[in-house]
Amino acid sequence: MRIAVTGATGNIGTAVLHRLAEDGDHSLVGLARRLPDDGGGRAPVEWVGADLTDDACLPELERAFTGADAVVHLAWGFQPSHDLHYLEELGVGGTRRVLTAVTAAGVPHLVHMSSIGAYSPKRDDTPVDESWPTDGVPSSRYSVHKAAAERLLDAHERRSTTTTITRLRPGIVGQRAAGSALLRYGVPAFVPAAVLDHVPVVPLDRRLRVPMVHADDVADAIARVLQQSAGGAFNLTAEPPITTALIAEALGARSVHVPSAAIRPLMSLAWHARLQQVDTGWLDMAFSLPLLDSSRARRELGWSPRVDAVTVLHEVLEGMRERASGGTAALRVRTVTGALRDAVTRGPVGQRDRP
């Protein structure tokens, strides 16, 4: 199969290219805004540069998609968190542009990386299946944008009967190689990774319950979807749900119950002051989104996660401690010196221009 992958240098994209290369019978096209210097490492890939925030990318997308049996659309953005226009243009606008190019190129199968973030708030901790509403959490821009992308897919399905659309909705996706990226997203530039070895307490609401899954297991689900030309939506999660107690245990710390309502104003203040780059929408999502029932993926794809969620959590934290990287710009090594240099020369990560 000829398969084009957007966002091919990111957390999930690198795992997908590696998994598909293992099959040995695919022609792979990787699309990214910043292409890898080394040709992408282990997987043989034809690389195409494309900035999905601009309509100027449409001719390049159409050329890359022409002759493809499938497009796997993974591209999404998390930073700069203060530039909501850019994030919307990349996530929602990028999905619209991919759909336009898929139609123009006559691609028969589109696999779209949605998210647990597309789901509406939960009623309780009962896991939900793919029929749960995808209207998002209104106070989270990430969630609102994921829901908006789902509406674009709905509209496309109403207009077209020639493209099979698959929507994957995983929990939090982690792997060791994303350690440096997660440090850049979630830890202020002046804080070294070694601080994770010295966390005495985790002040967090004890009600936290979030699903998690390994990037390699998500990549395996994508490979199975492509092999079977399976359409529709699939939840992807590993057991057990991650709790405050499990996070504290993984950090070797003591959990202290602090209601999320008490944390939120402090988090908002720090974000508005540019002291850290994670906005309060992520906190709201953590306590609003439902747990996932992935029975359909197990039943119809024959998929099951090989890595349990607690192991994923420990692997991610180990990657953050060791500043693990994946050899691409998106997964590059994070250092305090480099982060501070970027902060001085380009401004805070939450609002800086893209290189």
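By convention here, each chain's residues receive numbers from 1 onward along its written sequence. Thresholds applied to this predicted model are a pLDDT of at least 70 for local features of residues and 80 or more for the giving and counting of side-chain atom pairs; totals over whole chains, interfaces and linings are not thresholded and use all residues. Derived side-chain values reflect all non-hydrogen atoms in the structure, with water molecules and hydrogen atoms excluded from consideration.

1. As for the packing of helix α7 (residues 244–251) against helix α11 (residues 309–321)
And step 1. Lines fitted to the C-alpha atoms define the axes, with helices restricted to the stretch that makes contact. Angles between their N-to-C directions range from 0 to 180 degrees. For the purposes of this entry, the term helix denotes a DSSP run of H or I that reaches at least four residues, the term strand denotes a run of E that reaches at least two, and both are numbered from the N terminus. Put simply, α7 and α11 touch, their axes get as near as 10 Å, and they point 45 degrees apart. Regarding the angle of α7 to α11, the classification is oblique. Considering only the axes of α7 and α11, their crossing is right-handed. Mapping the contact onto sequence places L246, I247, A250 and L251 in α7 and V310, L313, H314, L317 and R321 in α11.
And step 2. Taken together, the residues that form the contact of α7 with α11 break down as seven nonpolar, one polar and one charged. Angular relationships are summarised with four words: roughly parallel below 35 degrees, roughly antiparallel beyond 145, roughly perpendicular across 65 to 115, and oblique for the angles in between. Rotating anticlockwise by less than a right angle from the far helix to the near helix defines a left-handed crossing, while the corresponding clockwise rotation defines a right-handed one. Residues count as neighbours in contact if any of their non-hydrogen atoms are within 4.5 Å of one another. Amino acids outside the nonpolar list (Ala, Val, Leu, Ile, Met, Phe, Trp, Tyr, Cys, Pro) and the charged list (Asp, Glu, Lys, Arg) are all regarded as polar, and Gly is one of them.

2. Brief notes about helix α3 (residues 84–105)
And step 1. Between the first and last C-alpha of α3 there are 30 Å, a value that for 22 residues agrees with the 32 Å anticipated at 1.5 Å per step.
And step 2. The sharpest bend along α3 comes to roughly 35 degrees, located at G93.
And step 3. G106, located one to two residues past α3, shows a positive phi value of around 70 degrees. Working rule for helices: expected span equals 1.5 Å times residues minus one. Throughout, bend refers to the angle between the axes fitted to the seven residues that end at a position and the seven residues that start at it.

3. Notes on the sheet that holds strand β2 (residues 27–32)
Backbone-to-backbone hydrogen bonds pair the strands of a sheet. The strands run either parallel or antiparallel.
And step 1. Here, a strand pair is defined by DSSP locating no fewer than two bridges between the strands. The sheet built from seven strands is open, its strands ordered β3-β2-β1-β4-β5-β6-β10 with parallel pairing. Looking at which strands have only one partner, the edges of the open sheet turn out to be β3 (46–49) and β10 (232–236). Going from strand to strand, the sheet's axes swing by 20 degrees on average, the running direction of each strand aside.
And step 2. Sheet analysis places β2 next to β3, joined by four bridges and oriented parallel. Residue A32 lies in a different strand from β3, and its bridge partner there is G49.
And step 3. In the packing of helix α4 (residues 141–159) onto the sheet, contacts are made with β5 (109–113) and β6 (164–170), and the angle to β6 comes to roughly 160 degrees.

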